[in-house]
Amino acid sequence: MSILFDASCQCFHLSSQGMSYIIQMAAGRYPLHLYWGASVRHISDDLVTRLSIYTHDNFSLHETPLDRMPQEAPVFGCGDLREGMLHVRHASGTAALDLVFQKYEIRTGTCPKGGLPRAHGENSETLVLTLADVSSGIEVELTYTLWEDSPILARHVRITNNGTAPVTLERALSCCVDFEGSDYRLLTLSGAWARERHEDFRPLVQGNQGTSTVRGASSVQTSPFMALLSPDATEENGDVYAMALCYSGSFLASVDVDQDHNARAMIGIQPFDFSWALAPGASFDTPEAYLCYSHTGLSGMSHAFHTFVHHHINQGPFALAPRPLLINNWEATYFQFNEEKLLDLARTAKKVGIDLFVLDDGWFGHRDSDNSSLGDWYDDLRKLPHGLSGLSDRIHELGLLFGLWVEPEMISPDSDLYRAHPDWCIHAEDRMRIECRHQLVLDLTRQEVRDAIVASICGALARGKVDYVKWDMNRNINMVGSAALPPERMKEFHHRYILGLYDIVSRVTSAFPKVLFESCAGGGGRFDLGMACYMPQNWTSDDTDAWERCLIQHSTSYVFPPSMMGAHVSAVPNHQTGRITPLASRAAVAMGGTYGYELDLNRLTAEELSSIRSLNERVHAWQNTLLYGTYHRLLSPYARTRAAFMTVSEDRKQAVVTFMNALAEPNQKPKLLKLRGLDPDADYRDVDTGKVYGGDELMSYGIPLSVPQADFTSQQFFLTIC
Ligand code: GLA
């Protein structure tokens, strides 16, 4: 890892783990984007002359086509007429901003981001480029952080008003990369409830494209990530340039292809319905964006993201640690439970080797359905006569850990909290309060609301002596606005909500440092790197159907490692699709994430329970490889016929391979599955059959499949080095 300034060519050269990123100063005035890609040792004159028309000494705004320059911090309307990264409205109503280079600094370590989550870790270095608009006093710091162990570059922007008049930020994205050319395919992740993060590939065309949301959450429909793939890029080969945002709210990821067919890629806070008043002396921080370059296709990108999440995003004792195998009572009981029913489930769970019992929705207020009690985080003694505390004691006595579901950001109109504070929800005066799932959203921009949430949630977690928390969020925001904000600052609402969310999440998680937190949002509706800074697990989707999960987990794994993906075995017929799949297939797919169950164990046969006991022993023994090994997508389920993936332990001594059929084909001849990531010089034993294969053979010839001739069947191989 190094950050160097070469005065002879006026270039900053940032490099780490096979990646170089080069910025050139145009006549000491504008930082231009010179290069991002595979690492280069030095910058030759030929490379620099590409931008020489922009860097002559007589540089002047009037003569030089900023509109065609690749820039690090483009601003609309001051020479460049493309969409820019920043847009600032001055008190006069005009929006010109001529950001001129002032100074640079190379620091050891990362730098703070004003209340926002961010990547952490030793062995990092940061370049800060300071630019300023002399006439208004607006100062912009562009930060670039590199880590010794990663080809990922973190970018962030701090905007400070050093002038004497207030200004309004109307657009404050986290980064911009101007690519040479536009011969790329764009990968984004999109979907819906129960169909989260399905992959979308499309060619770039002139004009604007990308992905974004205005829902106030990263959402089930979108994901704050995009990648540009070179034309020849595949799963294993070719150049991939990805951007992912450390943010959980509305975002924009856009690619604008200009008149010269050059692509401008940007990511950051959604500018629609956003503005931020910046008084003299005030600063604004954008979320961090992570730029990942891979010359080994999508798998190289994923490996870089996964390692980065493990070492620099996840925090606390569960980062890189074993995770408890859990049972969640939601699909087993929904709201219809009492203490005895829960304990019956817990007893069976213990017998089959489960570690953690999670009590889901319905334990508080008088919540017998989803139409009441959110906000009333006190125990429903009708269902739990000994309270949370008594239930937790009994669960702990059984030798299980105890976990609890909460939805802290919400309020039901039928709740004591609502009756006491009807103005605490997000609403517009004199308009109907639009409910979703019979609930409203609390106004997290208000300090008193946040304090009340933290107090009541911490009270419940302490009372329940919990070891695990499922933090849910089941609706998006309508009637955007806050009674606590003056009209001219109302467009700050969405971002202030997210800052409020990070405030309560960081207060609650730091009050319970030994507790494992799993983020959830009506399934996987806030599956992003922002939440991952506080919660190492994330419920991937309410859709637990074994085949549907292959699609969801395949494309979720582009960015997020298995250790983040909550994956459970549920009942059949599946509650979301009605599909019947074998237990072995449901378990095999759930082993692609943090493993658990979401069904009534007491309705299973003795034979099924015995299989579950064996499965749990397997997961316990192989968990380190399953969660933290190198993940390879072998066969894409998007061809709709079959899926396969594998994880290989870091030392390449163990590997777990999973193959899954969709519809059985008649008259199939035996198939081979080529593996990846093994040691070619080592021999591996299949622990179930005792057969021994060479690592080279498995990767070049393949492992023979013998999947039963039926729909949704699967086969797993647990390989260990001989
Ligand atoms: C959401 C979650 C589910 C479950 C329910 C409870 O839909 O995604 O897993 O917790 O809420 O209401």
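To be clear, the structure that these remarks concern was listed above.
Below you will find a few notes about this structure. Everything numeric in this text was worked out from a predicted model, so none of it was measured.

Regarding its fold elements, the protein chain presents 13 helices and 38 strands. For the protein chain, whose C-alpha radius of gyration is 26 Å, the value lies close to the compact-globule estimate of 27 Å for 722 residues. Counting only C-alpha atoms and orienting by the principal axes, one finds that the protein chain spans roughly 85 × 70 × 45 Å. Carbon and sulfur atoms make up 50% of the accessible area of the protein chain, which totals about 25700 Å². On the protein chain, the mean spot of the 61 positive side-chain charges and the mean spot of the 87 negative ones are 3 Å from each other.

The subject of this paragraph is a negative patch on the surface. A cluster of like negative charges, contributed by D681, D683, D696 and E697, occupies part of the molecular surface. Relative to the elements of secondary structure, E697 occurs in helix α13 (residues 695-700). Of the residues examined, E697 reaches a relative accessible area of 35% and is grouped as partly exposed.

It is worth spelling out helix α10 (residues 546-556) at this point. Among the 11 residues of α10, 11 are classified as buried, and the element is accordingly described as predominantly covered. Listing the buried residues of α10 in full gives A546, W547, E548, R549, C550, L551, I552, Q553, H554, S555 and T556. Two or three places before W547, at the opening of α10, D545 has a side-chain oxygen 3.0 Å from that residue's backbone nitrogen.

Now for the sheet that holds strand β22 (residues 356-359). Reading around the circumference, β21-β22-β23-β26-β27-β28-β29-β30 is the order of the eight strands in this closed barrel, with parallel pairing throughout. Pairwise comparison of adjacent strand axes, ignoring direction, gives a mean angle of 30° for this sheet. Sheet analysis places strand β21 (residues 326-328) next to strand β30 (residues 594-598), joined by two bridges and oriented parallel. Note that in β30 the partner of L326 across the bridge is G596. Lying on the sheet, α10 is in contact with β28 (537-539) and β29 (565-570); it crosses β29 at an angle near 165°. Packed onto the sheet, helix α11 (residues 583-590) meets β29 and β30 and runs at close to 170° relative to β29.

Sheet architecture is open: four strands sit in the order β1-β2-β3-β4, paired in antiparallel fashion. Bordering the open sheet on either side are β1 (2-6) and β4 (30-38), each of which pairs with just one other strand. Averaged over all pairs of adjacent strands, the angle between their axes in this sheet comes to 15°, without regard to strand direction. Two elements, β1 and strand β2 (residues 11-16), share five bridges in a ladder whose sense is antiparallel. Considered in β2, the bridge of D6 is made with C11.

L359 and W363 are the most contacted members of the largest nonpolar core, which totals 178 residues. Of all the elements, helix α8 (residues 493-511) adds the most residues to this core, at eight residues. Discounting residues that sit within four places of it in the chain, L359 has contacts with N329, F337, L342, L384, L388, L391, F402, G403, L404 and W405. Core analysis: the next-biggest nonpolar cluster, separate from the first, contains 20 residues, L634, F659, A682 and L705 among them.

Before going further, it helps to examine the site of the ligand. Close to the ligand lie 13 residues; D360, D361, R437, K470 and D542 are nearest. Note that an oxygen atom of the ligand is positioned 2.7 Å from one of the side-chain N or O atoms of D360. Between the ligand and D542, the relevant distance is 2.6 Å, taken from an oxygen atom to a side-chain nitrogen or oxygen of the residue. Considering the ligand on its own, with 310 Å² of exposed area, one finds that the protein chains cover 96% of that surface. When its residues are assigned to classes, the shell around the ligand shows four nonpolar, three polar and six charged.

Quick look at the pairing of strand β20 (residues 289-294) now. Across the six residues of β20, six count as buried, placing the element largely inside the fold. Of the two faces of β20, the one holding A289, L291 and Y293 and the one holding Y290, C292 and S294 are both buried throughout. Sheet analysis places strand β9 (residues 152-161) next to β20, joined by four bridges and oriented antiparallel. Paired with A154 across the bridge in β20 is Y290. Note that strand β15 (residues 240-245) and β20 share six bridges and pair antiparallel.

Let us look at the layout of surface pockets. The space that makes up the largest pocket amounts to roughly 530 Å³. In terms of lining residues, the largest pocket is bounded by 23 residues, among which H303, T307, Y628, T630 and E650 are the most central. Within the residue set of the lining of the largest pocket, elements represented by two or more residues are α2 (297-313), α12 (606-628) and β31 (630-635). The dominant element in the lining of the largest pocket, judged by the number of residues it contributes, is α2, at eight residues. Its residues assigned to classes, the lining of the largest pocket comprises six nonpolar, 14 polar and three charged.

The rules behind the values
Residues numbered from 1 in each chain as written. Predicted model: local features only at pLDDT ≥ 70, side-chain atom pairs only at ≥ 80, totals over all residues. Heavy atoms only, no water. Helix = DSSP H or I, 4+ residues; strand = E, 2+ residues; numbered from the N terminus. Rg over C-alpha atoms; globule rule 2.2 N^0.38 Å. Areas by Shrake-Rupley, 256 points an atom, 1.4 Å probe, with all protein chains shown as cover. Lys, Arg positive; Asp, Glu negative; His and termini not counted. Charge placed at Lys NZ, Arg CZ, Asp CG, Glu CD. Patch = residues over 30% accessible without salt bridge, like charges linked within 9 Å, V, L, I, M, F, W, Y side chains within 5 Å. Salt bridge = Lys/Arg side-chain N within 4 Å of Asp/Glu carboxyl O. Buried < 20%, exposed > 50% of the residue type's maximum accessible area, 1.4 Å probe, protein only. Polar contact = N/O pair within 3.5 Å; in protein donor to acceptor, adjacent residues only side chain to side chain. Pairing = 2+ DSSP bridges. Axes fitted to C-alpha atoms, helices over the stretch in contact; angles between N-to-C directions. Contact = heavy atoms within 4.5 Å. Core = buried A, V, L, I, M, F, W, Y, C linked by side-chain atoms within 4.5 Å. Near = heavy atom within 4 Å. Nonpolar A, V, L, I, M, F, W, Y, C, P; charged D, E, K, R; others polar. 1 Å grid on protein atoms, 1.4 Å probe; cavity = no way out; pocket = protein on both sides within 12 Å on 5 of 7 lines; lining within 4 Å. Points joined across faces, edges and corners; volume = space filled by probe spheres on them.

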